[in-house]
Amino acid sequence: MAWKLLSLSLLTTKNHKVTTSEIRTYLIPKFIKHFCSSSALRLEHSVNLDHCFNSDSFYASLIDNSTHKRHLNQIHNQLLVSGLQHNGFLITKLVNGSSNLGQICYARKLFDEFCNPDVFMWNAIIRSYSRKNMFRDTIEMYRWMRWTGVHPDEFTFPYVLKACTGLLDFGLSCVLHGQIMRYGFGLDVFVQNGLVALYAKCGHIGMARGVFDALYDRTIVSWTSIISGYAQNGEAMEALRMFNQMRNTDVKPDWIALVSILRAYTDVDDLEQGRSLHGCVIKMGLEDEPDLLISLTAFYAKCGQVTVARSFFDQMKTANVIMWNAMISGYAKNGHAEEAVHLFRDMISRNIKPDSVTVRSAVLACAQVGSLELAKWMDDYVSKSKYGSDIFVNTALIDMYAKCGSVESARMVFDRTSDKDVVIWSAMVMGYGLHGQGWEAINLYHAMKRAGVYPNDVTFIGLLTACNHSGLVKEGWELFHCMRDFGIVPRNEHYSCVVDLLGRAGFLDQACAFIMKMPIEPGVSVWGALLSASKIHRRVTLGEYAAKKLFSLDPYNTGHYVQLSNLYASSRLWDRVAHVRVLMREKGLSKDLGYSLIEINGKLEVFHVGDKSHPRAEEIFYELQRLERRLKEVGFVPHTESVLHDLNYEEKEENLCIHSERIAVAYGLISTAPGTTLRITKNLRACVNCHSAIKLISKLVEREIIVRDANRFHHFKDGSCSCGDYW
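Residues numbered from 1 in each chain as written. Predicted model: local features only at pLDDT ≥ 70, side-chain atom pairs only at ≥ 80, totals over all residues. Heavy atoms only, no water.

We now examine the packing of helix 22 (residues 356-369) against helix 23 (residues 372-384). Between helix 22 and helix 23, whose axes approach to 9 Å, the crossing angle comes to 165 degrees. Regarding the angle of helix 22 to helix 23, the classification is roughly antiparallel. The two elements helix 22 and helix 23 cross, and the hand of that crossing is left-handed. Judged by residue contacts, Val-359, Ala-362, Val-363, Cys-366 and Val-369 of helix 22 engage Leu-374, Met-378, Tyr-381 and Val-382 from helix 23. Among the residues forming the contact of helix 22 with helix 23, the class breakdown is nine nonpolar, no polar and no charged. (Axes fitted to C-alpha atoms, helices over the stretch in contact; angles between N-to-C directions. Helix = DSSP H or I, 4+ residues; strand = E, 2+ residues; numbered from the N terminus. Parallel < 35°, antiparallel > 145°, perpendicular 65-115°, else oblique. Left-handed = near helix turned anticlockwise from the far one by under 90°. Contact = heavy atoms within 4.5 Å. Nonpolar A, V, L, I, M, F, W, Y, C, P; charged D, E, K, R; others polar.)

Pasting the structure below:
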């Protein structure tokens with residue numbers, strides 16, 4: 001009776017027999033709103049509601065309007081009082097209602113207490129688990145359903161397929177596919193769409209395509225599933241082909257399909273087509289869709305349009321970690337390393353937790369900045385985070401320290417990492433190679449094999465690089481030929497290392513013969529190595545041959561023209577130097593300006609050749625002159641051939657002493673305490689004269705000077721260089 005009194009008191013009707021329609025319109029919303037009211041209620045009107053309160057439609061409407069578990073509890077109690085606890089329709093409604101309110105345990109309790117549930121109730125509990133991403137429970141309930149003899153219907157399989165997709169269980173996928181065909185749902189478009197998505201997610205895109213091709217009626221979901229599948233599996237071109245097919249069938253893409261297509265355009269770096277698709281997004285009024293904003297950010301960042309990408313990033317009121325990753329990675333990969341680091345610091349200052357991808361992108365940016373202090377800060381952050389034992393992050397840290405000039409710190413990260421895989425071993429080998437420590441790289445390679453880890457192709461690139469930077473011709477040659485013992489087929493990068501190895505050592509004829517016998521077509525890196533060696537040893541004819549090959553393969557790479565020009569200049573062929581400059585102007589190419597960076601007290605200072613813009617320029621040039629006098633006193637003779645202009649001797653000598661790395665050294669000496677190690681980064685290859693001068697300066701000032709040029713690191717100490725004058 002209390003149940004009826006509570007409900008009736010919420011009506012404002014008088015002397016009126018309430019209809020079912022009125023109950024749905026007036027009583028139920030008010031009843032739900034005041035469901036838990038504890039105020040005293042009095043019956044003021046005598047109304048007969050028995051015909052309504054015991055109807056399925058009344059209870060069903062009441063369940064649909066419930067907003068709290070307490071509501072469902074009281075409804076369930078009333079069902080028990082009314083003898084309706086065996087009504088499958090209403091209990092199924094309660095299961096669905098409980099699930100929608102997040103009460104999955106209560107939904108399961110209702111299900112377990114019901115005898116002989118039908119397929120609708122089974123679907124309700126399976127759907128409940130699937131929507132909550134409780135995939136193992138979803139599969140378990142499906143198996144139990146079949147064990148009890150209840151046959152699934154077309155509404156069962158989409159949720160089971162979603163669970164299987166979440167688990168990436170390919171074996172179960174095949175079993176489900178067989179059951180779908182056995183139960184006669186081979187033509188059901190919703191079930192088949194689920195199969196397409198499932199196979200694609202499991203990496204079996206060929207099977208997904210087979211299911212898709214068999215579909216008679218393809219919906220937007222069908223097309224989106226196969227397009228997304230190709231995009232997710234790295235087959236961007238096929239995704240784009242399927243998108244064009246979809247448009248030819250007059251099926252309009254939804255935002256999900258557009259996200260996948262943007263991903264495909266991102267993978268192939270097609271800025272023009274991506275912009276066109278962006279226009280479609282605007283025309284469809286989807287520019288505020290969060291997932292599309294993330295995709296547009298990632299697309300423009302990957303294509304180098306970081307300013308445009310940042311505009312989308314700034315539009316998001318609460319950018320998620322995926323969007324932060326897209327922006328930080330975009331900055332890091334497009335030469336905006338300092339902006340990437342700044343954004344990462346901004347992210348953690350807002351207490352937004354980065355994931356492994358974020359941290360790796362930030363580490364990559366620190367490596368590009370080249371600041372050892374920044375590298376140490378990054379390492380300290382990682383060690384205090386949950387990524388301290390992440391092997392991928394530690395691999396990035398090793399690379400970062402190596403590129404910031406501290407191979408010792410890189411080795412410390414390597415040594416503290418447990419469960420080393422081939423990637424982290426290879427990173428350390430590459431680090432030694434970058435610093436020209438050939439024997440250290442070879443010794444680590446042997447330790448790697450003793451640890452039972454087999455090298456991969458990257459390992460051998462590191463080893464060969466270490467050998468050609470250390471003059472270990474015999475060792476490098478042997479290592480190259482043992483690659484096939486590990487089932488590794490050499491790539492162009494390996495062949496170019498061998499050409500570099502032979503060429504640097506002066507075996508240019510052997511290097512040329514080696515190229516001619518290559519089983520694959522020589523690439524840019526191979527001919528580039530030969531041109532570089534020709535420049536070192538002034539083999540003009542051979543250099544011209546290599547340059548001709550390079551111009552046909554990569555006609556707009558400025559570096560090739562500069563190398564050839566330098567070869568001519570070192571051989572005093574000034575008319576040919578002029579000819580190369582004309583070629584460059586005709587192609588609209590210009591030489592990169594050289595600059596050097598030095599880190600002092602955590603701040604990076606930039607210097608160009610002859611740079612007098614620094615506030616301490618007067619002190620710097622005074623120190624330069626003082627160093628030049630000291631060099632002459634100990635018998636240093638400038639390598640005037642390093643000047644690539646037709647000048648007289650005095651002009652050449654003066655030009656050499658104001659190269660950017662020499663200015664950076666002078667600034668470092670006047671800005672740091674005696675004995676402090678100087679760390680300098682140069683964007684171009686160091687010239688022979690600066691290399692020889694800095695060697696001697698390191699002895700005169702009793703300092704270690706570490707210079708990272710475009711090719712490698714040089715550790716100058718006590719009048720010698722770690723490269724052994726072999727770079």
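More follows now that the structure is in view.
Among the secondary structure elements, Tyr-216 is positioned in the loop between helix 13 (205-213) and helix 14 (220-232). Along the sequence, Tyr-216 and Val-189 sit 27 residues apart, while their C-alpha atoms lie 8.2 Å from each other.

In terms of nonpolar packing, the biggest core is built from 181 residues, with Ile-125, Ile-226, Met-378 and Met-400 touching the most fellow members. If we skip the residues at most four places from it in the chain, Met-378 touches Phe-344, Val-359, Ala-362, Val-363, Cys-366 and Met-400. Within the second largest apolar cluster, 26 residues are counted, among which are Leu-627, Ala-666, Phe-716 and Cys-721. (Core = buried A, V, L, I, M, F, W, Y, C linked by side-chain atoms within 4.5 Å. Buried < 20%, exposed > 50% of the residue type's maximum accessible area, 1.4 Å probe, protein only.)

A sheet is described by the order of its strands in space; here six strands give the open sequence 2-1-3-4-5-6, paired in mixed fashion. With partners counted over all chains shown, the strands left at the sheet margins are strand 2 (603-608) and strand 6 (720-721), one partner each. Both strand 1 (residues 595-600) and strand 3 (residues 678-682) contribute to a ladder of three bridges, which runs antiparallel. Each bridged residue has a counterpart across the sheet, and for Ser-596 the counterpart in strand 3 is Lys-682. (Pairing = 2+ DSSP bridges.)

Positive phi outside glycine occurs at Leu-168, with the angle close to 50 degrees. Looking at where Leu-168 falls in the secondary structure, it is placed in the loop between helix 10 (157-167) and helix 11 (170-182). Within the chain, Arg-538 stands out as a residue other than glycine whose phi angle is a positive 55 degrees. For Arg-538, a relative accessible area of 39% translates into the label partly exposed.

On to the packing of aromatic side chains. Here a ring pair, both rings aromatic, is described through the centre-centre distance and the interplanar angle of the planes. In this structure the tally under the stated criterion is 25 aromatic pairs. An aromatic cluster is built from Tyr-142, Phe-157, Tyr-183 and Phe-185, whose rings are joined through pairwise contacts. Here Arg-218 stacks its cationic end above the ring of Phe-212, 4.4 Å away from the centre of that ring. Its guanidinium or amino end placed over the ring of Phe-414, Lys-420 lies 5.0 Å from that ring's centre, counting from NZ or CZ. (Phe/Tyr/Trp six-rings, centres within 6.5 Å; stacked < 30°, edge-to-face > 60°. Lys NZ or Arg CZ within 6 Å of the ring centre and 35° of its normal.)

What follows deals with helix 9 (residues 135-147). Given a rise of 1.5 Å per residue, 13 residues ought to cover 18 Å, and the 18 Å separating the end C-alpha atoms of helix 9 matches this to within 8%. Those residues of helix 9 that sit buried are Phe-135, Thr-138, Ile-139, Met-141, Tyr-142 and Met-145. Looking straight down helix 9, one finds that the buried residues subtend no more than 160 degrees of arc, so they occupy a single side. Summarising the geometry of helix 9, the exposed residues directed more than 90 degrees from the buried face are Arg-136 and Trp-147. Immediately downstream of helix 9, the backbone of Gly-149 shows phi near 90 degrees, a positive value. (Expected span 1.5 Å × (residues − 1). Arc of directions from axis to C-beta.)

Now for the confidence of the model for the protein chain. Averaged over all residues, the pLDDT of the protein chain is 84; the fraction at 70 or higher stands at 89%. Between residues 1-20, whose pLDDT stays under 50, and residues either more than four places distant or in other chains, the model counts 49 contacts. Predicted confidence for residues 644-654 stays below pLDDT 50, and this span has 17 contacts to residues more than four positions away or in other chains. (pLDDT = per-residue confidence, 0-100.)

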